[in-house]
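Single-letter residue listing:
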Amino acid sequence: MKELLVLATTSGGIGVVLSAVAVFFSQFSELIPYDAIYEEVMIFLRFGYLIVALTIFMGLLAAWAISVILTILANYQFTIQTDDDHIYLTRGLLEKKKVSVPFKRVQGIKISQNPLREWFGYATVTVESAGGSLGDKDEKIRLFPLAKKETLIPILEELFPEMEWRPEMLKAPKRSVHFFYRLDFIWMIPVIGSLSYFFYPYGLLSLIVVPLTIALGVWQHRTVGYSLADRQLTMEFRGISKHTFFMMKKRIQAVEISSSYFQRRKSLASAQATIMSGLLGATARVEHIERQDASRILAWYEPSNQKAEENEKSQPELSG
């Protein structure tokens, strides 16, 4: 129950509830007396900011309570079972749902942590599976909706013993840090300038976006990394949430490296790997790493190297 509460609180379910309420009321927009509501709201605002703040807080609290209930109903008694060929996932209180995932269709594993979950040491594990969507929706299969990361790794090692779950990551170089935020300033500067000019002095508050953008870029830079093993590629990257992508070499569909003019001047490049998953596939991408590291990833994946490895494995052992 504790983890269900954490899952509900950190899953963004409040936003889903609020958007559902908005969609519901939009269906009856013609019947809503907006003029009367506006007058009532203006009268209500006269009670003062404290009452208004308390009302908003109670509304958010109600939305959170609804999201907790929905999460409990959907994920109650989440259970994983396995046999030699399949993983079986069962969950739900009012409606039991069971999903089976063949081991041979697993293309990769993704461990994700939004900032709140990362802070408290929790993570979500998603299976990237060939044909691995739920029903007609391209919805990924969650192997673990939520669990302590330190608890996940031993279980993943048991489920997928052929994979390396504690790789040493090679990080992006320090000189690439400004690449993670400088492009944002191209569109931010005219927007901030316009807001500051037309809405002075309150428009100057938009300057807060600058340090926030830089902080996010530095955070992303510190997260980016990759690891190569004989048969596995691991990539770690961040938008807002942190993602660690584990992919077996034989499951990767394509590897691509790219380098812009400015990246080439700093001997940097970006690399991405794509695996088969759902309708559109799944892609992991590490930005602004050493150019030689990106080339190393491409060389590791080249078909000639794969064939050489297969031929080497097929050769009989010779005894002296």
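Please read all numbers here as calculations on a predicted model, not as lab measurements.

Scoring rules and cut-offs
Residues numbered from 1 in each chain as written. Predicted model: local features only at pLDDT ≥ 70, side-chain atom pairs only at ≥ 80, totals over all residues. Heavy atoms only, no water. Helix = DSSP H or I, 4+ residues; strand = E, 2+ residues; numbered from the N terminus. Contact = heavy atoms within 4.5 Å. Areas by Shrake-Rupley, 256 points an atom, 1.4 Å probe, with all protein chains shown as cover. Salt bridge = Lys/Arg side-chain N within 4 Å of Asp/Glu carboxyl O. Buried < 20%, exposed > 50% of the residue type's maximum accessible area, 1.4 Å probe, protein only. Pairing = 2+ DSSP bridges. Core = buried A, V, L, I, M, F, W, Y, C linked by side-chain atoms within 4.5 Å. Axes fitted to C-alpha atoms, helices over the stretch in contact; angles between N-to-C directions. Arc of directions from axis to C-beta.

J.: Looking at this structure, I do not really get the overall build of the protein. What am I missing?
T.: Looking only at helices and strands, the protein features eleven helices and 13 strands. If you take every contact in the protein between residues at least 6 apart in sequence, the share linking residues at least 24 apart comes to 53%. Carbon and sulfur atoms form 61% of the exposed surface of the protein, whose accessible area is close to 20,100 Å².

J.: What is the right way to read the pattern of salt bridges from this model?
T.: Note on pairing: side chains with opposite charge can pair once their charged atoms come close. Counted by the stated rule, this structure contains six salt bridges. Here Glu-157 and Arg-166 are joined by a salt bridge, their closest N and O atoms 3.1 Å apart. Judged by relative accessible area, which is 53%, Arg-166 ranks as exposed. A salt bridge links Glu-236 to Lys-242; its shortest N-O distance comes to 3.8 Å. Like Glu-236, the residue Lys-242 is buried in the burial classification. When salt bridges that share partners are traced, they join Lys-171, Glu-236 and Lys-242 into one network.

J.: Help me out: how do you make sense of the pairing of strand β8 (residues 225-228) in this one?
T.: Every other side chain in a regular strand lies on the same face of the sheet, so the side chains alternate between the two faces. Burial along β8 is two-sided: the residues Gly-225 and Ser-227 and Tyr-226 and Leu-228 are all buried. Note: strand β7 (residues 170-171) against β8, two bridges, orientation antiparallel. Counterpart to Leu-170 in the pairing with β8 is Tyr-226. Note: β8 against strand β9 (residues 232-238), four bridges, orientation antiparallel. Across the sheet, Gly-225 pairs through a bridge with Glu-236, a residue of β9. A loop of three residues connects β8 with β9, the two strands running antiparallel in sequence.

J.: Looking at this structure, I do not really get the nonpolar core. What am I missing?
T.: Across soluble globular proteins, nonpolar side chains show a tendency to be buried alongside one another. Among the nonpolar cores identified, the biggest contains 24 residues, and Leu-233, Met-235, Met-247, Ile-252, Ile-289 and Ile-297 are the most heavily contacted of them. Taken together, the elements giving at least two residues each to this core come down to β8, β9, β10 (242-248), β11 (252-258), β12 (268-275), β13 (282-290) and α10 (291-301). Apart from the residues lying within four places of it in its own chain, the contact partners of Met-247 are Gln-107, Met-163, Arg-231, Gln-232, Leu-233, Met-235, Ile-252, Ala-273, Ile-275 and Ala-284. With 22 residues, the next largest nonpolar core counts Val-106, Ile-111, Phe-144 and Trp-165 among its residues.

J.: Honestly, the sheet that holds β11 in this entry has me stumped. Any pointers?
T.: Backbone-to-backbone hydrogen bonds pair the strands of a sheet. The strands run either parallel or antiparallel. Read from one edge of the open sheet, three strands run β11-β12-β13, paired in antiparallel fashion. The open sheet has two edge strands with one neighbour each: β11 and β13. Across the sheet, the mean angle separating the axes of adjacent strands is 15° when strand polarity is ignored. Pairing analysis gives six bridges linking β11 to β12, with the strands arranged antiparallel. Bridge pairing links Ser-258 to Ser-270 in β12. Contacting β11, β12 and β13, α10 runs over the sheet at an angle of about 155° to β11.

J.: Which parts of the structure should I look at to understand helix α6 (residues 149-159)?
T.: Along an α-helix, a turn takes 3.6 residues, which lines up residues three or four apart on a common side. Restricting attention to buried positions, one finds in α6 the residues Leu-152, Ile-153, Leu-156 and Leu-159. Along the long axis of α6, the arc covered by the buried residues comes to 130°, so they all point the same way. In α6, the exposed positions that point more than 90 degrees away from the buried face belong to Glu-150 and Glu-158. On its buried face, α6 is in contact with β1 (79-82), β4 (106-113), β5 (122-129) and β6 (141-148).

J.: Would you explain the environment of Glu-290 in this entry?
T.: Structurally, the position occupied by Glu-290 is in strand β13. Sequence separation between Glu-290 and Ala-172 is 118 residues; the distance between their C-alpha atoms is 6.6 Å.

J.: Please clarify how the sheet that holds strand β2 (residues 86-91) should be interpreted in this entry.
T.: As summarised here, the arrangement of the three strands in space is β1-β2-β3, forming an open sheet in which the pairing is antiparallel. Whereas interior strands pair on both sides, the edge strands pair on one side only; in this sheet they are β1 and β3 (97-102). For this sheet, the mean angle separating the axes of adjacent strands, direction not counted, is 20°. Bridge count for β1 against β2 is four bridges, and the pairing is antiparallel. In the strand pairing of β2, Thr-79 is matched with Thr-90.

J.: I tried to follow unusual backbone geometry on my own but got confused; where do I start?
T.: Leaving glycine aside, a negative phi is the common case for residues, and trans is the common case for peptide bonds. Pro-201 follows Tyr-200 through a cis peptide bond whose omega is 5°. Notably, Gln-77 is not glycine yet its phi reads approximately 50°, a positive angle. Inspection of the secondary structure assignment puts Gln-77 in the loop between α4 (49-75) and β1. Residue Gln-77 is classed as partly exposed on the basis of its relative accessible area of 48%.

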